[in-house]
Amino acid sequence: MPKLKLRLNFSIEKQNSGSKARAATFQTPHGDVKTPVFMPVGTQATVKAQTVDSLKAAGTCMLLANTYHLLLRPGPEVFKRAGGIHQFINWDGPMLTDSGGFQIFSLPHSRQMNEEGALFQSYVDGRLYLLSPESSIEMQKTMGGDIMMALDQCIPSSAPLGPAKAAMNVTHRWAERSLRARGDSDQALFGIVQGACHHELRKESAAFLRDLPFDGLAIGGLAVGESHGERCDLTALTIEQLPTNLPRYLMGVGTPIDLLESVHLGVDMFDCIIPTQLAQRGAAFTSAGKLQLRRSVYKLSQDPVDAQCDCRTCRQYSRAYIHHLIKADEVLGWHLLGLHNLAFYHRLMHEMRESILLGDFSSYYQRKRLELSRIDEQNPRRPPKKAKHVATSRLGNYEILRSVHGFYSRRQVSSGEVMHSVNAPSEEANLLYIEQSCLAARLARKGAREDDLLIWDVGLGAAANAMAAIHCFERCYAKKGGNALRPLRIVSFEWDLDPLTLAAKHAGCFPHLRHGAPLKILQNGNWQHDSNLLRWELLKGDFRDFLDSADIPKLIFYDPFSYKTDTDLWTAEVFSRIFTRCLPKSAELYTYSASTAVRAALLQTGFFVAQGVGTGPKSDTTIAFTSAKGAADHPLAPQLLGQEWLKRWRRSAAKFPENLSGQEKTRFETLIETHRQFSTDF
Ligand SMILES: [Zn+2]
């Protein structure tokens with residue numbers, strides 16, 4: 001071990017009662033840092049659309065740079081020649097370099113992890129790189145940041161106990177190797193606490209790392225899929241295990257309210273791309289809450305972005321001008337709004353520090369929490385008419401779109417149809433298929449012998465529904481362990497794998513795909529959970545070709561393209577074949593469609609049809625049961641369609657499927673009019 005050096009000389013100036021918040025100072029070769037501090041992210045050795053000068057004007061004191069990106073381009077030679085990153089980018093203040101662990105984790109399609117490190121292919125020139133604790137430190141030494149980070153193995157926060165523990169143990173061994181590689185350098189080095197969402201692992205990881213000679217400790221692996229509440233819990237319990245005499249850094253977090261909550265819990269340092277990333281999309285953080293300056297209500301507004309802000313943007317420009325620049329996609333709009341957002345963040349950090357120094361943080365915290373939760377109260381939004389999207393990448397007949405609300409979807413180019421167009425894919429999958437089918441409760445093993453629970457996932461798409469089911473299983477597994485779980489089998493049907501291939505290439509846009517399973521499905525057509533209790537298979541081809549031979553399901557997630565695009569999958573004939581295949585067992589079909597035609601087709605087949613939950617702007621979805629008992633036993637007691645629906649159907653222009661003869665129409669009508677679910681004694 002290297003001899004102990006005092007590198008940051010971290011000293012706490014003030015702590016408050018009623019809160020774990022603290023104000024402190026540490027020293028670096030490029031100046032003192034007063035905490036709590038927010039570090040803008042300079043991914044490609046630049047904070048996007050800002051200059052060193054504008055950063056200083058916004059109040060930036062310390063920057064973060066990404067080792068992963070800078071290793072690939074421009075590469076270490078350039079930093080050696082320049083004499084380090086400070087000279088290269090003309091920044092004379094403190095600088096932290098990350099280790100590259102998080103970036104490797106977000107590109108799951110092109111890397112292999114083992115004990116040595118992570119082997120991955122460069123997205124710049126296709127070269128193979130090994131990022132190991134030693135090579136990461138070597139690159140960080142070459143860049144010469146004031147604080148370096150140890151390489152960690154970051155895995156999804158939803159990872160089950162086994163893989164999470166394995167990744168944590170690797171992270172610990174890499175932490176020791178990083179310290180040895182750092183040696184006697186003057187650069188400070190932080191270790192990173194891992195352990196996904198498992199409390200005992202987080203405690204174990206913090207306890208392990210606090211005994212090593214690090215200059216500070218970071219909480220990693222958060223802000224990657226867990227809820228706000230979970231993140232606060234994990235942050236709080238990790239901090240309890242961390243020493244008080246070292247800086248604490250919560251990596252990759254977050255929104256202004258996240259920063260407030262985390263400072264309250266005792267965090268000193270933050271970094272996040274949000275202020276500049278949202279600026280590009282036209283979002284501004286202000287004292288009146290978050291504003292979206294693309295909105296036409298700002299077209300004529302001569303007010304500054306925030307009347308209470310004294311940043312360069314607010315002193316010099318109107319909302320109308322920023323609105324125009326953002327609409328016209330001009331870089332200046334991004335620059336000006338980014339500058340304002342960074343100024344907002346730095347002012348928030350400064351205010352928090354001042355209130356701690358005054359011994360007044362608790363009341364500041366209460367006040368500010370309300371203020372930060374506000375969203376544009378002066379110009380409240382009307383419900384959106386139709387989500388708008390911007391295309392970003394394309395493969396075959398599909399392209400990736402970014403919605404104005406910030407989430408990503410895929411569009412079939414030929415039909416123009418957008419999968420999950422109105423809310424984020426994983427959100428819709430959870431509401432409509434996972435929660436509504438009560439999947440977690442069904443996975444609980446009750447008797448000694450339970451059959452496998454089989455799900456048909458019709459229309460794999462980008463695997464949002466299948467992955468939602470897998471994540472549900474993994475949450476249950478983490479909570480209850482394998483003995484309490486019923487085995488789950490998911491069979492996905494899809495003829496076109498382009499949507500999944502495309503989305504997997506952009507896993508950064510689709511958090512549900514940051515998992516090993518989708519790649520295995522693309523490579524081998526199947527994937528198995530380590531416990532052997534969960535198996536996922538793909539049947540590639542036309543669903544109708546497998547319909548009579550695939551094993552009989554209990555649950556069907558019916559999610560093909562719409563009737564207009566995938567007409568053949570919404571016919572009475574297909575529903576009738578599904579119904580027959582499922583008999584004599586009782587099965588349930590969940591679908592996003594609530595159209596009269598689809599419900600009529602299901603009813604005339606013999607299904608009992610109920611109204612499903614609304615998801616976001618869709619006020620209605622559909623559940624179909626093969627038996628009346630299935631409907632009656634459903635834990636959520638969904639409402640079967642009744643006389644009201646029947647009346648609407650009788651008046652509907654889409655009363656019958658197309659191309660029915662007169663005789664067939666009579667038969668169709670009779671089947672629906674005499675369906676048991678509409679009889680008065682039902
Ligand atoms: Zn401003």
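Now for a quick tour of the structure. The structure displayed is predicted, hence computed values, not measured ones. (Residues numbered from 1 in each chain as written. Predicted model: local features only at pLDDT ≥ 70, side-chain atom pairs only at ≥ 80, totals over all residues. Heavy atoms only, no water.)

1. Focus on the packing of aromatic side chains
Stage number 1. This model, assessed by the stated rule, comprises 26 aromatic pairs.
Stage number 2. Centroid distance Phe285 to Phe344: 6.1 Å. Interplanar angle 25 degrees. Geometry classified as stacked. Taken as a pair, Phe285 in strand β15 (residues 283-286) and Phe344 in helix α14 (residues 331-357) lie far apart in primary sequence, 59 residues in all. Here Phe285 matches Phe344 in class, with each residue buried.
Stage number 3. Their ring planes at 75 degrees and their centres at 5.4 Å tell us that Trp456 and Phe493 sit as a pair that is edge-to-face. One end of the pair, Trp456, is in strand β21 (residues 453-458); the other, Phe493, is in strand β22 (residues 488-494), with 37 residues separating them in the sequence. Each of the two residues, Trp456 as well as Phe493, counts as buried.
Stage number 4. For Lys56, the ring lying beneath its charged end belongs to Trp91, and the centroid distance is 5.6 Å.
Stage number 5. Above the ring of Trp649, the side-chain terminus of Lys655 is found at 5.0 Å from the ring centroid. (Phe/Tyr/Trp six-rings, centres within 6.5 Å; stacked < 30°, edge-to-face > 60°. Helix = DSSP H or I, 4+ residues; strand = E, 2+ residues; numbered from the N terminus. Buried < 20%, exposed > 50% of the residue type's maximum accessible area, 1.4 Å probe, protein only. Lys NZ or Arg CZ within 6 Å of the ring centre and 35° of its normal.)

2. Quick notes on unusual backbone geometry
The general pattern is negative phi for most residues beyond glycine and trans for most peptide bonds.
Stage number 1. Cis geometry marks the peptide bond from Val253 to Gly254; its omega dihedral reads 15 degrees.
Stage number 2. Mapping Gly254 onto the fold places it in the loop between β13 (248-250) and α10 (256-265).
Stage number 3. The linkage connecting Leu583 with the following residue, Pro584, adopts the cis geometry, with an omega of 0 degrees.
Stage number 4. As for its position among the elements, Pro584 is in the loop between α22 (572-582) and β26 (588-591).
Stage number 5. Of note, the phi angle at Ala49 is positive, near 65 degrees, even though the residue is not glycine.
Stage number 6. Mapped onto the elements, Ala49 comes out in the loop between β4 (37-42) and α1 (52-58).
Stage number 7. The partly exposed category is assigned to Ala49, whose relative accessible area is 25%.

3. Description of the pattern of salt bridges
Stage number 1. For the structure on display, the rule yields 28 salt bridges.
Stage number 2. Across the pair Glu673 and Arg650 runs a salt bridge, and its minimum N-O distance is 2.8 Å. You can see Glu673 sitting in helix α26 (residues 662-673) and its partner Arg650 sitting in helix α25 (residues 643-651), a full 23 residues away along the chain.
Stage number 3. Classification of Glu673 by relative accessible area gives partly exposed; the value is 29%.
Stage number 4. A cluster of three or more residues bridged by salt bridges with shared partners is formed by Arg489, Arg535, Glu537 and Asp551. (Salt bridge = Lys/Arg side-chain N within 4 Å of Asp/Glu carboxyl O.)

4. Details of the packing of helix α6 (residues 133-143) against helix α7 (residues 161-182)
Stage number 1. Packing of α6 against α7 leaves a shortest axis separation of 8 Å and a crossing angle of 40 degrees. Overall, the two elements α6 and α7 adopt an arrangement that is oblique. Of the two possible hands of crossing, α6 and α7 adopt the one that is right-handed. Residues Pro133, Glu134, Ile137 and Lys141 of α6 pack against Trp174, Arg177, Ser178, Ala181 and Arg182 of α7.
Stage number 2. Along the lines of polarity and charge, the residues of the contact of α6 with α7 split into four nonpolar, one polar and four charged. (Axes fitted to C-alpha atoms, helices over the stretch in contact; angles between N-to-C directions. Parallel < 35°, antiparallel > 145°, perpendicular 65-115°, else oblique. Left-handed = near helix turned anticlockwise from the far one by under 90°. Contact = heavy atoms within 4.5 Å. Nonpolar A, V, L, I, M, F, W, Y, C, P; charged D, E, K, R; others polar.)

5. Considering the nonpolar core
The nonpolar side chains of a soluble globular protein tend to be buried with one another.
Stage number 1. In terms of nonpolar packing, the biggest core is built from 89 residues, with Phe214, Met352 and Phe361 touching the most fellow members.
Stage number 2. If one sorts the elements of this core by residue count, α14 sits on top with twelve residues.
Stage number 3. Setting aside anything within four residues of it in sequence, one finds Met352 in contact with Leu259, Leu260, Val263, Phe361 and Tyr364.
Stage number 4. Formed by 87 residues, the second largest nonpolar core is a distinct cluster that contains Met467, Leu488, Leu589 and Ala610. (Core = buried A, V, L, I, M, F, W, Y, C linked by side-chain atoms within 4.5 Å.)

6. What about the sheet that holds strand β1 (residues 11-15)?
Stage number 1. With respect to topology, three strands assemble into an open sheet ordered β1-β2-β3, the strand pairing being antiparallel. Only two strands of the sheet have a single partner each, and these edge strands are β1 and β3 (31-35). Here the average twist between neighbouring strands, direction ignored, is 15 degrees.
Stage number 2. Examined bridge by bridge, strand β2 (residues 22-28) and β3 share five bridges and lie antiparallel to one another. Looking at β3, one finds that Ala24 is bridged to Thr35. (Pairing = 2+ DSSP bridges.)

7. Topic: the sheet that holds strand β12 (residues 216-219)
Stage number 1. Taken in spatial order, the eight strands of this closed barrel run β4-β5-β6-β10-β11-β12-β13-β14, and their pairing is parallel. Geometrically, the sheet is characterised by an average inter-axis angle of 30 degrees between neighbouring strands, direction not taken into account.
Stage number 2. Alignment of strand β11 (residues 188-193) against β12, held across four bridges, turns out to be parallel. When the bridges of β12 are listed, Phe190 appears paired with Gly216.
Stage number 3. Contacting β6 (95-97), β10 (147-149) and β11, α6 crosses the sheet at an angle of about 160 degrees to β10.
Stage number 4. Sitting on the sheet, helix α9 (residues 228-241) is in contact with β11, β12 and β13, with an inclination near 160 degrees to β12.

8. Considerations on the pairing of β11
Stage number 1. Counting buried positions along β11 yields six of six residues, so the element is predominantly enclosed.
Stage number 2. Alternating residues of β11 divide into Ala188, Phe190 and Ile192 and Leu189, Gly191 and Val193, and every residue in both groups is buried.
Stage number 3. Sheet topology places β10 next to β11; three bridges connect them, and they run parallel. Bridging across to β11, Met149 finds its partner in Phe190.
Stage number 4. In this fold, β11 hands off to helix α8 (residues 199-210), which returns the chain to β12; that crossover is right-handed. (Right-handed = clockwise from strand over helix to strand, strands pointing away.)

9. Brief notes about the side chain of Arg489
Stage number 1. Tracing the backbone through its elements, the reader meets Arg489 in strand β22.
Stage number 2. Side chain to side chain, Arg489 and Glu537 meet in a polar contact 2.8 Å long.
Stage number 3. Discounting residues that sit within four places of it in the chain, Arg489 has contacts with Leu453, Leu454, Ile455, Arg535, Glu537 and Asp551. (Polar contact = N/O pair within 3.5 Å; in protein donor to acceptor, adjacent residues only side chain to side chain.)

10. Describing a nonpolar patch on the surface
Stage number 1. A contiguous nonpolar patch, built from Leu119, Leu128 and Leu130 and spanning about 250 Å² of accessible area, is present on the exposed surface.
Stage number 2. Along the polypeptide, Leu119 turns up in strand β8 (residues 118-121).
Stage number 3. Residue Leu119 is classed as partly exposed on the basis of its relative accessible area of 32%. (Patch = residues over 30% accessible without salt bridge, like charges linked within 9 Å, V, L, I, M, F, W, Y side chains within 5 Å. Areas by Shrake-Rupley, 256 points an atom, 1.4 Å probe, with all protein chains shown as cover.)

Taken by themselves, the reported measurements are silent on function.
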